[in-house]
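Structure assessment
Single-letter residue listing:
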Amino acid sequence: MTPSTAERPQMPIEDFEDLAAVAPPHVHLEFVDGRVRTKDPLSVEDFEELAHEAPETVRLEYINGKLEVKAVPDGNHGSIFMWLLRQCLLQRPELDLMPERGVKAEAYRKGRAITDGFLAPVDHFRGHGNWSDPDGALMAVEITSHDRDTDQRDRIDKPLGYAQAEIPVYLLIDRDNHTLTVFSEPKDGHYQQSPSYPWGDTVELPAPVGITLDTEKLKDYAD
């Protein structure tokens with residue numbers, strides 16, 4: 001991670017003020033070093049109420065019992081998602097790669113994560129609310145953003161949360177390291193396999209995904 005990335009605030013003060021204005025009366029927020037935090041422990045139910053009232057510019061997650069803010073994607077982030085979407089559609093047209101899908105993650109479905117992509121059979125998400133149960137899904141996808149919480153969130157917390165939810169495959173497209181890491185075979189709350197590949201390699205996504213990624217194009221989005 002570059003120094004400029006590490007120093008970037010998690011959210012603007014204006015977004016925090018908008019969020020604090022709509023927070024339920026029993027949820028007390030504070031703004032510390034560019035991050036939003038709760039003064040008291042936050043339950044899943046309180047989080048869902050807060051997330052429902054949050055302004056459109058603020059995307060909230062609940063990870064390891066903590067309130068987190070997911071960065072708004074930039075142009076290269078969106079282009080990488082579209083690159084992945086095209087390959088999934090060509091090779092597995094019977095599947096949907098849903099962007100920015102809320103997922104019940106972690107043990108006992110107590111976490112709430114916003115995936116950059118969630119792969120499941122066509123119409124799997126029909127009738128779902130804001131947070132989908134992971135049962136029946138094939139893969140969660142995260143594309144790192146240039147914010148200072150990426151390392152903890154995408155490389156440490158989410159592999160654990162998705163493994164505990166028994167999501168078969170977690171694909172991490174890492175823009176800082178220019179790698180793809182393929183987590184698979186969840187068991188006892190951990191992925192048993194997690195090989196990494198440099199951008200430019202041909203990457204085989206394991207069953208039940210069964211998609212081969214030609215990652216040469218990703219080099220165009222290095223930043």
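Some details on the layout of surface pockets
Within this model, the largest pocket holds a volume of roughly 350 Å³. As for the largest pocket, its lining consists of 16 residues, and the residues nearest its centre are Ala 51, Leu 60, Ile 114, Asn 130 and Trp 131. Those elements that place two or more of their residues in the lining of the largest pocket are helix 3 (44-53), strand 3 (59-63) and strand 5 (95-105). Of the residues forming the lining of the largest pocket, the biggest block, five residues, is contributed by strand 5. Residue classes in the lining of the largest pocket are distributed as nine nonpolar, three polar and four charged.

Structural notes on empty space enclosed by the protein
With the rule as written, the count across this model stands at two cavities of 30 Å³ or more. Of the voids in this model, the largest cavity is the one considered here, and its volume is about 40 Å³. If you trace the largest cavity, you find it lined by Tyr 62, Ile 63, Ala 105, Glu 106, Arg 112, Ala 113, Asp 157, Lys 158, Gly 161 and Tyr 162. Mapped onto the lining of the largest cavity, the elements with two or more residues apiece are strand 3, strand 6 (111-121) and helix 5 (150-164). Per-element tally for the lining of the largest cavity: the top contributor is helix 5, with four residues. Of the residues assigned to the lining of the largest cavity, the class counts are five nonpolar, one polar and four charged. Its volume calculated, the second largest cavity comes out at about 40 Å³. Of the residues in the lining of the second largest cavity, the class split is two nonpolar, two polar and five charged.

Quick notes on the side chain of Ser 132
For Ser 132, the position within the fold is in the loop between strand 6 and strand 7 (139-143). Of note is the side chain of Ser 132, whose polar atom sits 3.3 Å from the side chain of Arg 101. If sequence neighbours within four positions are ignored, Ser 132 has contacts with Arg 101, Gly 102, Val 103, Lys 104 and Phe 125.

So, the pairing of strand 8 (residues 169-174)
Extensive coverage of strand 8 is indicated by the burial of six of its six residues. Burial along strand 8 is two-sided: the face carrying Val 169, Leu 171 and Ile 173 and the face carrying Tyr 170, Leu 172 and Asp 174 are both buried. By the bridge criterion, five bridges tie strand 7 to strand 8 in an arrangement that is parallel. Following the sheet pairing, Glu 142 is matched in strand 8 by Leu 172.

Observations concerning the nonpolar core
Formed by 26 residues in total, the largest nonpolar core has its most connected members in Leu 84, Leu 119, Leu 171, Ile 173, Leu 205 and Leu 213. For this core, the secondary-structure elements that each account for two or more residues are helix 4 (75-91), strand 5, strand 7, strand 8, strand 9 (179-187), strand 12 (202-205) and strand 13 (211-214). With six residues, the top contributor of residues to this core is helix 4. If we skip the residues at most four places from it in the chain, Leu 84 touches Leu 97, Val 141, Leu 171, Ile 173 and Leu 213. Val 36, Val 58, Leu 60 and Trp 131 belong to the second-largest nonpolar core, a separate cluster that totals 19 residues.

About the cut-offs
Residues numbered from 1 in each chain as written. Predicted model: local features only at pLDDT ≥ 70, side-chain atom pairs only at ≥ 80, totals over all residues. Heavy atoms only, no water. 1 Å grid on protein atoms, 1.4 Å probe; cavity = no way out; pocket = protein on both sides within 12 Å on 5 of 7 lines; lining within 4 Å. Points joined across faces, edges and corners; volume = space filled by probe spheres on them. Helix = DSSP H or I, 4+ residues; strand = E, 2+ residues; numbered from the N terminus. Nonpolar A, V, L, I, M, F, W, Y, C, P; charged D, E, K, R; others polar. Polar contact = N/O pair within 3.5 Å; in protein donor to acceptor, adjacent residues only side chain to side chain. Contact = heavy atoms within 4.5 Å. Buried < 20%, exposed > 50% of the residue type's maximum accessible area, 1.4 Å probe, protein only. Pairing = 2+ DSSP bridges. Core = buried A, V, L, I, M, F, W, Y, C linked by side-chain atoms within 4.5 Å.

Worth remembering: the numbers are spatial, not functional.
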